[in-house]
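If you want the building blocks of each chain, they are given just below.
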Amino acid sequence: MLVLVAPGQGAQTPGFLTPWLDLPGARDRVQGWSDAIGLDLAHYGTKADADEIRDTAVAQPLLVAAGLLSADALGSRTAFGAVAGHSVGEITAAAYAGVLSEADALKFVRTRGLAMAEASAVTETGMAAVLGGETDVVVAHLEKLGLTPANINGAGQVVAAGTMAQIEALVADKPEGSMKVVALKVAGAFHTHHMAPAVATLEKAAGDLSPADPALAYVSNKDGHVVTTGADVVARLVGQVANPVRWDLCMETFAERGVTGIIELSPGGTLTGLAKRALKGVPSVALKTPDDLDKAAALVAEQTA
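In what follows, the accompanying structure is described. Fair warning: this is a prediction, and the values are worked out from it, not measured in the lab. (Residues numbered from 1 in each chain as written. Predicted model: local features only at pLDDT ≥ 70, side-chain atom pairs only at ≥ 80, totals over all residues. Heavy atoms only, no water.)

**Some details on the sheet that holds strand 1 (residues 2-6)**
Moving on, step 1. Pairing is mixed in the open sheet, where six strands are placed in the order 8-7-2-1-9-10. At either end of the open sheet lies a strand with only one pairing partner, and these are strand 8 (226-227) and strand 10 (284-286).
Moving on, step 2. Alignment of strand 7 (residues 217-219) against strand 8, held across two bridges, turns out to be antiparallel. Opposite Y218, over in strand 8, you have V227 as the bridge partner.
Moving on, step 3. Sitting on the sheet, helix 5 (residues 89-96) touches strand 1, strand 2 (80-85) and strand 7, and the angle it makes with strand 2 is about 150°. (Pairing = 2+ DSSP bridges. Helix = DSSP H or I, 4+ residues; strand = E, 2+ residues; numbered from the N terminus. Contact = heavy atoms within 4.5 Å. Axes fitted to C-alpha atoms, helices over the stretch in contact; angles between N-to-C directions.)

Right, dumping it as C-alpha cells:
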C-alpha cells in the first residue's frame, strides 16, 4: 500500500515554491488562490526571506498551496491506499482525499493561520524538538518543566511547546538520554492550550464548509485512526490546533495497513526522514522540487505493477 503524506509548519524554506511555479498552469492556479485568500502566495514562496515565511499566517497557506501543486503534478491518485498530513498538512491531505475542495482548503487554512497567529501574539511562545531518549522519559521531563509534548513524532523525536522561558529551561536541562534540543521555525506553541482561542474561530469557519467523505483512507493526527466521514475529518481539523499531533500513531497505522511505499508532498523531507527511522525498509520519495517527480512516478509504477 502506497501512502501519501503532507508536511507541516517548519518545513518551509525561502524560495521553495519557485520551481513548482514553472509547471504548466501553476502560476495561474496560485494567482487564483492568492486572490481568493488575500495573500500573495507566489511572492512569499519565491522572494520572501526566512523570517517572513516563519509568520504563521503566511506559512500555513503557503504549505498547503505547495502541497496541492505537487499533488496535482504527481497525479496517480488511484495508486494511493492512504493519506495523512502532519499538523497543517492535514488540510492538504483532506483536499487530496476529496473531503474539501482546493478553494475551501485554502480559505480554511488562511483562517487557521490568522487565528493561530493571533493566539500566538498573546504570550511569547515557541516549540523545540527533543531528539533521542525514551518517549515516556522525555514526556515526563517536559511536563515537569510545564511544557506540552505537542508533537509525538516517533523515531526518537518529541516536540515540546510552551512559553519561551520554558523552552529556554528545556535547552538548559534536556531530558535524560536525549541527544539535543533544536528550536523550530514556528512562531507559537501550537497544539497546546495556548491555541484555544483559534479553536473557536475555526469552529465558526467550519460551518461554511460542505465536506464530502474521504475517497481513500484518511489517517488522523489525533489518534492515528482512519476517519471515514467528512464531518469527522473537519471536526478533527478544528480541534487539532489545540491538541497534540500523534504522528507516531499515524505511522503505526501505516504499518498495520501494510505500507509498502511513502511519497511526501512539497516541501518534502521531514516526514520521509521520520519514516526511514520508524518504518525501516519502506521505500520513500520526498518531493522537494519537480525534479523528484520522476522518482515518485517510478515508485508508483513499481508499487502498482
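Now that the structure has been shown, the text picks up again.
**Structural notes on the side chain of T56**
Moving on, step 1. Structurally, T56 is set in helix 4 (residues 56-74).
Moving on, step 2. Residues within four places of T56 in sequence aside, it is in contact with Q9, P61, G113, M116, A117, A187 and F190.

**A few points about the layout of surface pockets**
Moving on, step 1. The calculated volume of the largest pocket comes to roughly 550 Å³.
Moving on, step 2. Lining the largest pocket are 30 residues, with Q9, G10, A11, L184 and T270 positioned closest to its centre.
Moving on, step 3. For the lining of the largest pocket, the elements supplying multiple residues, two or more each, are strand 3 (125-131), strand 4 (148-154), strand 5 (157-163), strand 6 (180-183) and helix 12 (270-278).
Moving on, step 4. Split into classes, the residues belonging to the lining of the largest pocket amount to 14 nonpolar, 13 polar and three charged. (1 Å grid on protein atoms, 1.4 Å probe; cavity = no way out; pocket = protein on both sides within 12 Å on 5 of 7 lines; lining within 4 Å. Points joined across faces, edges and corners; volume = space filled by probe spheres on them. Nonpolar A, V, L, I, M, F, W, Y, C, P; charged D, E, K, R; others polar.)

**Some points on helix 5**
Moving on, step 1. In terms of burial, helix 5 is largely enclosed, as eight of its eight residues are buried.
Moving on, step 2. The set of residues buried in helix 5 consists of G89, E90, I91, T92, A93, A94, A95 and Y96.
Moving on, step 3. Packed against the buried residues of helix 5 are strand 1, helix 4, strand 2, helix 6 (102-120), strand 7 and helix 10 (230-240). (Buried < 20%, exposed > 50% of the residue type's maximum accessible area, 1.4 Å probe, protein only.)

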